[in-house]
Amino acid sequence: NAFMLFMKEMRPAIANESGLKESAAINKKLGEQWHSLDKEEQQKYYDLAHEERTSHMKKYPNWSARDNYARRSRKKKKRKDKMQADSGTKCRARYGIENTAKWCKPCRSVYGESKEISFAYWK
């Protein structure tokens, strides 16, 4: 690409001249400069781009841009049964306060096995 070659050549000069460090700001300045160039001045970079393209084609005759974007097969997701899917949820959230008998041992031991559970904790 002719503009890419222009950017490669002019980026250090623009960065030193303007003192900008952000890539986006430098690219904006380079774009403005590119559009202010005459067609003859731009032609120099178009010719360089053409030379680069032809040398690349000679070096790699069977190369295609699609080679960079290989199709990969998607991995199949493993289905979890319902208990495994719910295992990350705490028992009191999964079964509710009314079903303390279904709670696991650690949840029962923390909040007690009695039916008297303080509702202030959940408010």
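Residues numbered from 1 in each chain as written. Predicted model: local features only at pLDDT ≥ 70, side-chain atom pairs only at ≥ 80, totals over all residues. Heavy atoms only, no water.

## A look at the environment of leucine 5
Selection rule: The numbering of helices and of strands both runs from the N terminus, where a helix is a DSSP run of H or I of at least 4 residues and a strand a run of E of at least 2. Any residue under 20% of the maximum accessible area for its type is buried, any over 50% is exposed, and the rest in between are partly exposed; the area is computed with a 1.4 Å probe on protein chains only. Throughout, a contact is declared for two residues whenever any of their heavy atoms are within 4.5 Å.
Take leucine 5: it is sitting in helix α1 (residues 2–18). We classify leucine 5 as partly exposed; its relative accessible area is 22%. The spacing of leucine 5 and tyrosine 45 is 40 residues in sequence and 6.5 Å in space, taken between C-alpha atoms. Setting aside chain neighbours within four positions, we find leucine 5 in contact with Tyr45, Leu48, Ala49 and Glu52.

## Considerations on helix α2 (residues 23–36)
Threshold: Any helix carries an expected span of 1.5 Å times its number of residues minus one. Our arc is simply the arc of the directions from the helix axis toward the C-beta atoms.
Its 14 residues give α2 an end-to-end C-alpha distance of 20 Å, which sits within 8% of 20 Å, the value for a rise of 1.5 Å per residue. Among the residues of α2, Ile26, Leu30, Gly31 and Trp34 are the ones counted as buried. Viewed along the axis of α2, the buried residues span an arc of 140°, placing them on a single side of the element. Opposite the packed face of α2, turned more than 90 degrees from it, sit the exposed residues Ala24, Lys28, His35 and Ser36. For α2, the secondary structure elements touched by its buried residues are α1 and α3 (39–59).

## Some remarks on the confidence of the model for the protein chain
The test is simple: pLDDT measures the predictor's confidence residue by residue and takes values from 0 up to 100.
Averaged over every residue, the pLDDT of the protein chain is 79; residues scoring 70 or more account for 73%. Note that residues 81–86 has pLDDT below 50 and, in this model, 3 contacts with residues that lie over four places away or in other chains.

## Some remarks on the nonpolar core
What counts is decided by this rule: The criterion is simple. A nonpolar core is a set of buried Ala, Val, Leu, Ile, Met, Phe, Trp, Tyr and Cys residues joined through side-chain atoms within 4.5 Å.
Among the nonpolar cores identified, the biggest contains 9 residues, and these are Ala2, Phe6, Met7, Ile14, Ile26, Leu30, Trp34, Tyr45 and Ala49. Elements with a contribution of two residues or more to this core: α1, α2 and α3. Ranked by the residues each element gives to this core, the list is headed by α1, at 4 residues. Setting aside chain neighbours within four positions, we find alanine 49 in contact with Asn1, Ala2 and Leu5.

## Some words on the packing of α1 against α2
Quick note on the threshold: Each axis is a line fitted through C-alpha atoms, taken for helices only over the stretch in contact, and angles between the N-to-C directions span 0 to 180 degrees. A clockwise turn of the near helix away from the far one marks a right-handed crossing, whereas an anticlockwise turn of less than a right angle marks a left-handed crossing. In the scheme used here, Gly and all other residues not listed as nonpolar or charged are polar, with Ala, Val, Leu, Ile, Met, Phe, Trp, Tyr, Cys and Pro taken as nonpolar and Asp, Glu, Lys and Arg as charged.
Interaxial distance between α1 and α2 falls to 9 Å at its minimum, and their mutual angle equals 115°. As for how α1 packs across α2, the hand of that crossing is right-handed. Between α1 and α2, the residues in contact are Ala2, Phe3, Phe6, Met7, Met10, Arg11, Ile14, Ala15 and Ser18 and Ser23, Ile26, Asn27, Lys29, Leu30, Gly31, Gln33 and Trp34, respectively. Of the residues contributing to the contact of α1 with α2, the split by class is 10 nonpolar, 5 polar and 2 charged.

## Remarks on the packing of α1 against α3
Put simply, the test is: Orientation labels follow simple angle bins: below 35 degrees gives roughly parallel, above 145 gives roughly antiparallel, 65 to 115 gives roughly perpendicular, and whatever is left gives oblique.
It is at 8 Å that the axes of α1 and α3 come closest, and there the two elements cross at 105°. Between α1 and α3, the interaxial angle falls into the category roughly perpendicular. Seen from α1, the contacting residues are Ala2, Leu5, Phe6 and Glu9; seen from α3, they are Lys44, Tyr45, Tyr46, Leu48, Ala49 and Glu52. Within the contact of α1 with α3, the residues separate by chemical class into 7 nonpolar, no polar and 3 charged.

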